[in-house]
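So you can see what is in the structure, the chains are spelled out below.
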Amino acid sequence: MKKIFIILINTFVLFLFINLLIVITWPVYSKIKSNKHNYISEQIDLLGLNNKDLITLHNETWKNYDKFRFVPFFGHSETFRKGKFVNFTEENGRKINRPDNCNTSIYLYGGSTTFGYNVTDKQTIGSNLQKLVSNDTCVYNHGRAYFYSKQENNLFYSHLENKKKIDYAIFLDGINERCGGYEYQNYINNSFSLLVEKPYLMWKKSLSNFFYTLPILQFTNSISGNDRWIQDNENNILNIDSCNNKIPLSDLFESRVNNRNAICDFYQIKCLSFLQPMPGTHGNQINKFISDNNLSDIIKKYKELSKAKSPINIGYVLDGDKSLSYIDAVHYSPKSNEKIAMEINNYLK
């Protein structure tokens, strides 16, 4: 019995030591990783940046990825960012070099493709659109990672409620469209359920959270490439069959677009909703960045969303591309962002 006790104690001490060691060394490990980028030759050619700037862009794009803020009514939002290539504020969105005085305001809404992950501020759809519009027009890029039409609508309503001057509201949807909810919903629900739990039962919920956040488990996840958080498979953006077989995703999409159109009519805002180009259906992508299963799911989703009549389908913009249309699995290359901006501007005219 004494030997078993000693073994247990030693195991526990070793377990604590390993976790403490990870806590101390992980920042060093992260710093070493931040001294290089993961872009491959095809991406480097598309971005047109030197090695030092590539490292800067990679760190500014991904170092704080998953560090979102919770915002009521639409879940999460990007955090404040200030850097050489990636800048964002909740008030004005992704950085665009706008005129000082504007008579017309264009607000862009969408997911990470609209935000412009893996490209610089100057290479986003919003920045390219700003170059095309008149000198007295300001473009605001309010794309957010993972956002889809329902969250975009809520963000749009919030801007109207806060008296933002919006003359044109442009929505770019498709890749993130889902049945409902939002990313990290399970964990936010979990935190709330802990808050309202009976005081003498709170330990049950907090204990499971504690074990999941242990450094040794999270470090193992980071090495193996697993998600930082446990995802809800029924709410995955690639799962279009999860609407309880009641309402097709295309019908939900149509309804959300019609709702925003009604709001635009009421406020006399010119509102345009686009079904965006998507990998596997439009343009060329780097196949090593996306699995065959994910590509198949995206193609299936695009076919489903194409049934919605209200959005303007601009997938054709990338048809005939000879160079790569995507900088990674789903985000657009600088040239594709330029093409999409030109097509949006054609509709604005």
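Residues numbered from 1 in each chain as written. Predicted model: local features only at pLDDT ≥ 70, side-chain atom pairs only at ≥ 80, totals over all residues. Heavy atoms only, no water.

A. Looking closely at the overall build of the protein. Within the protein, the secondary structure is distributed over twelve helices and nine strands. Computed over the C-alpha atoms, the radius of gyration of the protein is 22 Å, within 12% of the 20 Å expected from 2.2 N^0.38 for a compact globule of 349 residues. Dimensions of the protein, computed from C-alpha atoms along their principal axes, come out at roughly 85 × 50 × 40 Å. Burial analysis of the protein (349 residues in total) assigns 47% to the buried set. Accessible surface computed for the protein: about 18900 Å², of which carbon and sulfur atoms make up 56%. Across the protein, the centroid of the 41 positively charged side chains sits 7 Å from that of the 33 negatively charged ones. (Helix = DSSP H or I, 4+ residues; strand = E, 2+ residues; numbered from the N terminus. Rg over C-alpha atoms; globule rule 2.2 N^0.38 Å. Buried < 20%, exposed > 50% of the residue type's maximum accessible area, 1.4 Å probe, protein only. Areas by Shrake-Rupley, 256 points an atom, 1.4 Å probe, with all protein chains shown as cover. Lys, Arg positive; Asp, Glu negative; His and termini not counted. Charge placed at Lys NZ, Arg CZ, Asp CG, Glu CD.)

B. Quick peek at the packing of aromatic side chains. The tally for this structure, following the rule as stated, stands at 18 aromatic pairs. Taking 5.9 Å as the distance between ring centres and 40° as the angle between the ring planes, the aromatic pair formed by F68 and Y184 counts as tilted. Separated by 116 residues along the polypeptide, F68 in the loop between α3 (51-62) and β1 (69-71) and Y184 in the loop between β7 (168-173) and α7 (185-195) bring together distant segments of the chain. Through pairs of rings, three or more aromatic residues link up here, namely Y107, Y109, Y140, F156, Y157 and F171. Over the ring of F171 we find R260; its NZ or CZ atom is 3.8 Å from the centre of that ring. (Phe/Tyr/Trp six-rings, centres within 6.5 Å; stacked < 30°, edge-to-face > 60°. Lys NZ or Arg CZ within 6 Å of the ring centre and 35° of its normal.)

C. Broad picture of the pattern of salt bridges. As enumerated under the stated definition, the model contains 14 salt bridges in all. The shortest N-O distance in the salt bridge between E91 and K164 comes to 2.4 Å. Of the two residues, E91 sits in the loop between β3 (88-89) and β4 (93-94) while K164 sits in the loop between α6 (149-161) and β7, which places them 73 residues apart along the sequence. Overall, the relative accessible area of 49% leaves E91 in the partly exposed class. Where R94 meets D121, a salt bridge forms, and the shortest distance between an N and an O atom there is 2.5 Å. (Salt bridge = Lys/Arg side-chain N within 4 Å of Asp/Glu carboxyl O.)

D. Highlighting the side chain of E78. In this fold, E78 is placed in the loop between β2 (75-77) and β3. Looking at E78, its side chain comes within polar contact range of the side chain of R81, at 2.9 Å. In terms of polar contacts, E78 uses its side chain to reach the backbone amide nitrogen of A145, at 2.9 Å. With residues up to four places along the chain from it excluded, the contact list for E78 reads F68, R69, F88, E90, F115, Y117, R144 and A145. (Polar contact = N/O pair within 3.5 Å; in protein donor to acceptor, adjacent residues only side chain to side chain. Contact = heavy atoms within 4.5 Å.)

E. Structural view of the environment of I312. Mapped onto the fold, I312 is located in strand β9 (residues 312-313). For the pair I312 and L57, spaced 255 residues apart in sequence, the C-alpha separation works out to 32 Å. I312 has contacts with L272, S273, F274, L275 and Y347, leaving out every residue within four places of it along the chain.

F. Quick peek at the packing of α6 against helix α10 (residues 249-267). In contact at an axis separation of 9 Å, α6 and α10 are set at 15° when each is read in the N-to-C sense. Taken together, α6 and α10 sit at an angle that is classed as roughly parallel. For the crossing formed where α6 meets α10, the hand is left-handed. Contacts between α6 and α10 pair S149, K150, E152, N153, F156, Y157 and L160 from the former with F253, R256, N259, R260, I263, C264 and Y267 from the latter. Here the residues of the contact of α6 with α10 sort into seven nonpolar, three polar and four charged. (Axes fitted to C-alpha atoms, helices over the stretch in contact; angles between N-to-C directions. Parallel < 35°, antiparallel > 145°, perpendicular 65-115°, else oblique. Left-handed = near helix turned anticlockwise from the far one by under 90°. Nonpolar A, V, L, I, M, F, W, Y, C, P; charged D, E, K, R; others polar.)

G. Representation of the state of the cysteines in the model. Throughout the structure, instances matching the rule amount to one disulfide. One disulfide bridge connects C102 with C138, the sulfur atoms lying 1.9 Å from each other. Handedness of the C102-C138 disulfide follows from its S-S torsion of about 55°: it is right-handed. You can see C102 sitting in the loop between β4 and β5 (104-110) and its partner C138 sitting in strand β6 (residues 137-143), a full 36 residues away along the chain. C138 sits in the buried class, given a relative accessible area of 4%. (Disulfide = S-S within 2.5 Å.)

H. Representation of the nonpolar core within the structure. With 21 residues, the main nonpolar core has I106, I125, L129, I170, I340, I344 and L348 as its most contacted residues. Of all the secondary-structure elements, those providing two or more residues to this core are β5, α5 (125-132), β7, β8 (270-275) and α12 (334-348). In terms of residue count, the dominant contributor to this core is α12 (four residues). If we ignore the near neighbours within four places in the chain, the residues touching I340 are I125, L172, P277, I314, V317 and Y332. In terms of nonpolar packing, the next biggest core, distinct from the first, is built from 20 residues, L238, C243, V257 and M278 among them. (Core = buried A, V, L, I, M, F, W, Y, C linked by side-chain atoms within 4.5 Å.)

I. Region of interest: unusual backbone geometry. One non-glycine residue, K163, lies in the positive phi region at around 65°. With respect to the element layout, K163 can be found in the loop between α6 and β7. For K163, a relative accessible area of 72% corresponds to the exposed category. The residue Y184 is not glycine, and still its phi comes out positive at about 70°. Residue Y184 is classed as buried on the basis of its relative accessible area, which comes to 13%.

J. Representation of the environment of E338. Looking at the secondary structure, you find E338 in helix α12. A C-alpha to C-alpha distance of 13 Å links E338 and P277, two positions 61 residues apart in sequence.

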